[in-house]
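Summary of structural features
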Amino acid sequence: MCTLVLIHRVLDAAPLVVLANRDEMLGRPSVGPRLVRREPAVFCGLDLKEGGTWCGLNEHGLFVGLTNLTLHAPDPTKRSRGLLCLDMLGCRSLDQVHGAVSATGAGAYNPFNMVASDGTRAMRVRYDDRPAIEWLEPGVHATTNWPVGSEGDAKRVWSETRVKQAVSDAPDLGSLLDSLQDIARTHERDGDPRASICCHVPGYGTRSSSIVARTADGGPIYRYSDGPPCEARFEDFSAVVAEAFGHQP
Ligand SMILES: [Zn+2]
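Here is a short report on the structure shown in this document.

Looking at the nonpolar core
Formed by 62 residues in total, the largest nonpolar core has its most connected members in Val18 and Val64. Aside from chain neighbours lying at most four places away, what touches Val64 is Cys55, Gly56, Cys85, Met88, Leu89, Val97, Met114 and Ala116.

This is the structure in structure tokens:
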């Protein structure tokens, strides 16, 4: 059950901040974030089974992240949703993403939620046989593997609440990013382990955590834990991404 929390135009220091925990089958091979494409340059992790990604950033300042919607057993004959996410990271503007997603045919993919932002505007797509797009107001928006607004989606409510609290408590961006790392590694003490943002159940769980942002001057921030964030430390790829994107601080 992936969790993706977008902090959209709340902070003066960074109009786009994302915390994304990727939950996946433990045996599914993947590699951590790297420059996977040029023109435009795309920085993201890769799923080695299908070749797609779960979230990333490109040189035009676009963030795209995707969570599977677990409405029913997926149809294995359909194109990988991660490949669509990678395709969208190849776009040069949010309008281009919007156009491409809008044109996605009926039944082309298994159900998913997608979040995309250029730091000025943000959109969330629910694809369940066909795309439904909403533009997001400035604020904190959590997306999981449930349809947005579902009763019983405790993790979405928990994540939004915790991140909103962290935003109001943090004195500066660096402190907030550190708080997001702490939130990413949190376990619920009681109840369903799948309700934890850092989730561990037999054969499945949180495989990695990404904290991605763009600062007010467009500088990229990219922190990544190559393993469950309760065990693996976050590495800072920000300088690598800035160089790959040709960003001059
Ligand atoms: Zn954990």
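Section: the sheet that holds strand E8 (residues 122–127)
The strand order across the open sheet formed by 7 strands is E3-E4-E5-E6-E7-E8-E9, and the pairing between neighbours is antiparallel. In this open sheet, the two strands that pair with only one neighbour each are strand E3 (30–37) and strand E9 (131–135). Neighbour to neighbour, the strand axes of the sheet diverge by 20 degrees on average, direction disregarded. As paired strands, strand E6 (residues 63–68) and strand E7 (residues 112–117) are joined by 6 bridges and run antiparallel to one another. Directly across from Phe63, in E7, lies its bridge partner Ser117. Sheet strands touched by helix H1 (residues 81–89): strand E4 (42–47), strand E5 (55–58), E6 and E7. Its angle to E6, the strand with the most contacts, is close to 170 degrees.

With respect to the packing of helix H3 (residues 154–169) against helix H4 (residues 173–184)
At a closest axis distance of 9 Å, the pairing of H3 and H4 adopts a crossing angle of 155 degrees. Here H3 is positioned roughly antiparallel relative to H4, judged by the angle of their axes. Between H3 and H4 lies a crossing of right-handed hand. Residues Arg162, Val163, Ala166 and Val167 of H3 pack against Leu176, Ser179, Leu180 and Ile183 of H4. Per-class residue counts for the contact of H3 with H4 are 6 nonpolar, 1 polar and 1 charged.

Reading guide: rules and limits
Residues numbered from 1 in each chain as written. Predicted model: local features only at pLDDT ≥ 70, side-chain atom pairs only at ≥ 80, totals over all residues. Core = buried A, V, L, I, M, F, W, Y, C linked by C-beta atoms within 7 Å. Buried ≥ 20, exposed ≤ 12 C-beta atoms within 10 Å, placed from the backbone. Contact = placed C-beta atoms within 7 Å. Pairing = 2+ DSSP bridges. Helix = DSSP H or I, 4+ residues; strand = E, 2+ residues; numbered from the N terminus. Axes fitted to C-alpha atoms, helices over the stretch in contact; angles between N-to-C directions. Parallel < 35°, antiparallel > 145°, perpendicular 65-115°, else oblique. Left-handed = near helix turned anticlockwise from the far one by under 90°. Nonpolar A, V, L, I, M, F, W, Y, C, P; charged D, E, K, R; others polar.

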